[in-house]
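Understanding the architecture of this molecule
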4 protein chains.
Amino acid sequence: MSDKKTRILEATEKLLSQYGFHGISMQMVAKEAGVAAGTIYRYFDDKNDLLHQLHHHILSYVAEKLSQNVSDDMPLKCRFRTMWLNLWEMATQDGAPLLTRGQFENLPRSDSPEQQQLEKQLFAKVDRLFDEGKAQGLFKPLDNDILSVLSLEPSACLARKHANGICTVTDDALEAAIEACWDAILQH
Amino acid sequence: MSDKKTRILEATEKLLSQYGFHGISMQMVAKEAGVAAGTIYRYFDDKNDLLHQLHHHILSYVAEKLSQNVSDDMPLKCRFRTMWLNLWEMATQDGAPLLTRGQFENLPRSDSPEQQQLEKQLFAKVDRLFDEGKAQGLFKPLDNDILSVLSLEPSACLARKHANGICTVTDDALEAAIEACWDAILQH
Amino acid sequence: MSDKKTRILEATEKLLSQYGFHGISMQMVAKEAGVAAGTIYRYFDDKNDLLHQLHHHILSYVAEKLSQNVSDDMPLKCRFRTMWLNLWEMATQDGAPLLTRGQFENLPRSDSPEQQQLEKQLFAKVDRLFDEGKAQGLFKPLDNDILSVLSLEPSACLARKHANGICTVTDDALEAAIEACWDAILQH
Amino acid sequence: MSDKKTRILEATEKLLSQYGFHGISMQMVAKEAGVAAGTIYRYFDDKNDLLHQLHHHILSYVAEKLSQNVSDDMPLKCRFRTMWLNLWEMATQDGAPLLTRGQFENLPRSDSPEQQQLEKQLFAKVDRLFDEGKAQGLFKPLDNDILSVLSLEPSACLARKHANGICTVTDDALEAAIEACWDAILQH
DNA sequence: GATGAATGAGGTTTCATTCAT
DNA sequence: AATGAATGAAACCTCATTCAT
């Protein structure tokens, strides 16, 4: 991908996590990316397109990062723990991406069928984890969407609050939180 | 509270849930509320103030609704279930308020200490629930903030997705989700 | 009509005759009219609308001026002469209106049926003149549109060239030109 | 003349007749001409120069086409008729050139003396026609500019309206119009 | 108190022009 | 000679805010 395009996307991501959608202007993006305002329009149709492409960009990044160091032959719990922590680290260490993810949920949605199809693919490993767990009778028999909300969403949510200083999460608490999320989907 | 002020707040809330923060203008608010644009400035310093006061307004509403039909002498599980469902209903039945709540988290933060203090008070019943549960050794010994993320946040999150049609939650799944959230914070 | 709206229309007309369509900006119009740029948008949807409304405004003016001092009981030649000179005077004395009229013919057309209907009405007296002349066997049996091009258009065209200094038209030449236009439509 | 330069001029002409002066950009011209934007600046100083050179280009074309099949030893009326129809055909058959000519009259004028001198030369045959006619006492003793407006301008004007569908001109009407224009300048 | 016309700074976007390749 | 990515000034338009009524 063109160097300039990447810089524009990264600048947008950074500003987005800092100011939210309202409050960032194309001029700000241009300045942050170190390009002229007009240059943005060589790579993006308009502001909306920039946002949508960023959405896609981040989604790809999240999907990749989320599945990092996870292979389908690892034990279920190990896979879960790794993904949970991948999620946590994205939000707390890398800074922007996941933080901003919270923002995307309030967008003029781009719920094209392709987009949904893509999202499914991106999170394939998560789906396989839940599917296997349910097949083994280990997990509660719920839709993957729901299992995801119960066990992974709290990771992102907690990370956001931790990063924003709303609450502090110690290492012990972190381990306990992972355990709690595991408990949530486990068949007791 | 003045009739006009209430109408302005309600108009803002409605528009907010529909268009997001960017994309609503003071003129739109005025028109929706049935007042003149200038009138808004009798009750609010500026747009920011309007948004902050709305935040507070909704927070109060949520706190009240959240604790509805909950008294401290009810069994813990019953209190939990009621609050979980209160949360669910706010987002799925009332429409705007909670849905838009997702938007508030991306505001130029008003994290003044007073605001945090206020939020604490508003959610006092939730705190008491968690405190009692931990005292009885029933709940995991974690901060209330964390317990809240683990057990109540999924309600709001699920409700949002359900209301937006991203996933469908049957009555049975709903009951199972409540149970799962309870499992999450329970000492096993 | 609002004072401001009139001032904006007049400013646009003046600038249009001076710079043509390209080369006038909303800022220029605002400055010339002595209003803020944003004010224009209280009275006009956008630049296009401003142009279209101006078109209509000028058309009305032209139609009124064109028929000035003309009544249907005057002799045909006298009516013709008066209208021919009305046209001439609009372009040479008043300055802007007719000069700019040349510009409107190159617009993204607003050829709505209503618009065409309106134009017909506006130039009713011209039509009556031609109709009577043909009924008397005095004029050539041609469409009014064509008769108009042959006998009145030259007035506007000549006036434009005269006003722009492209050619000079003496009083004698003017009388001769009127006579020539009359000759053009006369049955010989 | 360079192939590229010709293509650029022709592209400009085509776009001009379609969009008018405002509404064509150098990028559009480049695309239509099949060259890079920067290439235009090898042949033209700037946009203004492009427009002026196009003006000249078209003027030459019109002058050539106007005098086509006209020689000074043909009878006056025959010469007149031929030129009148040449004008008519340019606007109705060739499409762009003359139609757009209407646009040139609203340009940031390039009324340099040389330009006017040039125009005189280009339309020499027309001048000779009028001069001879006046010398023979056949035409009215008016400036050639005026005679031209009276007798040839209506051809262009009518053609424009015909091509734009504003009015329809049958073959009979066309002949009558020519006759009428001839009547206009004839000494009666 | 209430209004809404008016403001003008600032938003998004376009486009004539340049310049490294 | 030719390209086309990049520029940034300036275009059109919006909108938070003010103020005379």
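Throughout what follows, the structure given in this document is the object of discussion. (Residues numbered from 1 in each chain as written. Chains lettered and ligands numbered in written order. Predicted model: local features only at pLDDT ≥ 70, side-chain atom pairs only at ≥ 80, totals over all residues. Heavy atoms only, no water.)

**Here we look at the interface of chain C and chain D**
- Counting residues at the interface gives 31 residues for chain C, matched by 33 residues for chain D.
- Surface buried jointly by chain C and chain D totals about 2700 Å² across both partners, of which 69% is contributed by carbon and sulfur atoms.
- Measuring nitrogen to oxygen at the nearest pair gives 2.8 Å for the salt bridge that ties D:Lys140 to C:Asp183.
- Taken together, chain C and chain D are joined by three residue pairs in polar contact (both at pLDDT 80 or more).
- If you list the elements that add at least two residues to the side of chain C that touches chain D, you get α6 (96-104), α9 (144-151), α10 (153-163) and α11 (171-185) of chain C.
- With seven residues, α11(C) is the single largest residue contributor to the side of chain C that touches chain D.
- For the side of chain C that touches chain D, the residue count by class is 19 nonpolar, six polar and six charged. (Contact = heavy atoms within 4.5 Å. Buried area = accessible area lost by both parts, 1.4 Å probe. Salt bridge = Lys/Arg side-chain N within 4 Å of Asp/Glu carboxyl O. Polar contact = N/O pair within 3.5 Å; in protein donor to acceptor, adjacent residues only side chain to side chain. Helix = DSSP H or I, 4+ residues; strand = E, 2+ residues; numbered from the N terminus. Nonpolar A, V, L, I, M, F, W, Y, C, P; charged D, E, K, R; others polar.)

**As for the environment of C:Gln136**
- Structurally, C:Gln136 can be placed in the loop between α8 (124-135) and α9.
- Spatially, the C-alpha atoms of C:Gln136 and C:Lys77 are 13 Å apart, while their sequence positions differ by 59 residues.

**A look at the packing of helix α5 (residues 76-92) of chain A against helix α8 (residues 124-135) of chain A**
Residue and element names in this part refer to chain A.
- As a packed pair, α5 and α8 sit with axes 11 Å apart at the nearest point and diverge in direction by 145 degrees. Seen from above, α5 lies across α8 with left-handed handedness. Here Leu76, Arg79, Phe80 and Met83 of α5 lie close against α8, whose contacting residues are Lys125, Val126, Arg128, Leu129, Glu132 and Gly133.
- Here the contact of α5 with α8 is built from residues that sort into five nonpolar, one polar and four charged. (Axes fitted to C-alpha atoms, helices over the stretch in contact; angles between N-to-C directions. Left-handed = near helix turned anticlockwise from the far one by under 90°.)

**Concerning the relation of the copies chain B and chain A**
- Each copy of the sequence occupies a distinct position, and chain B is placed on chain A by a rotation of 179 degrees and an axial shift of 0.2 Å, giving an RMSD of 0.4 Å. Considering both components of the superposition, the chain copies are consistent with a two-fold axis. Taking C-alpha positions as reference, the residue of chain B nearest the rotation axis is B:Ala184, located at 2.2 Å.
- An overlap of 97% is found between the interface residues of chain B and their copies at the interface of chain A, pointing to a shared contact surface. (Least-squares fit on C-alpha atoms with pLDDT ≥ 70 in both.)

**Section: the pattern of salt bridges**
Residues and elements named next belong to chain A.
- A full pass over the atoms with the stated rule returns 32 salt bridges over all chains.
- Between Glu175 and Arg81 there is a salt bridge whose closest N-O contact spans 2.4 Å. Linking Glu175 in helix α11 (residues 171-185) with Arg81 in helix α5, this pair joins segments that are 94 residues apart in sequence.
- A relative accessible area of 34% means that Arg81 is categorised as partly exposed. (Buried < 20%, exposed > 50% of the residue type's maximum accessible area, 1.4 Å probe, protein only.)

It is worth stressing that arrangement in space is one thing and function is another; only the former is reported here.
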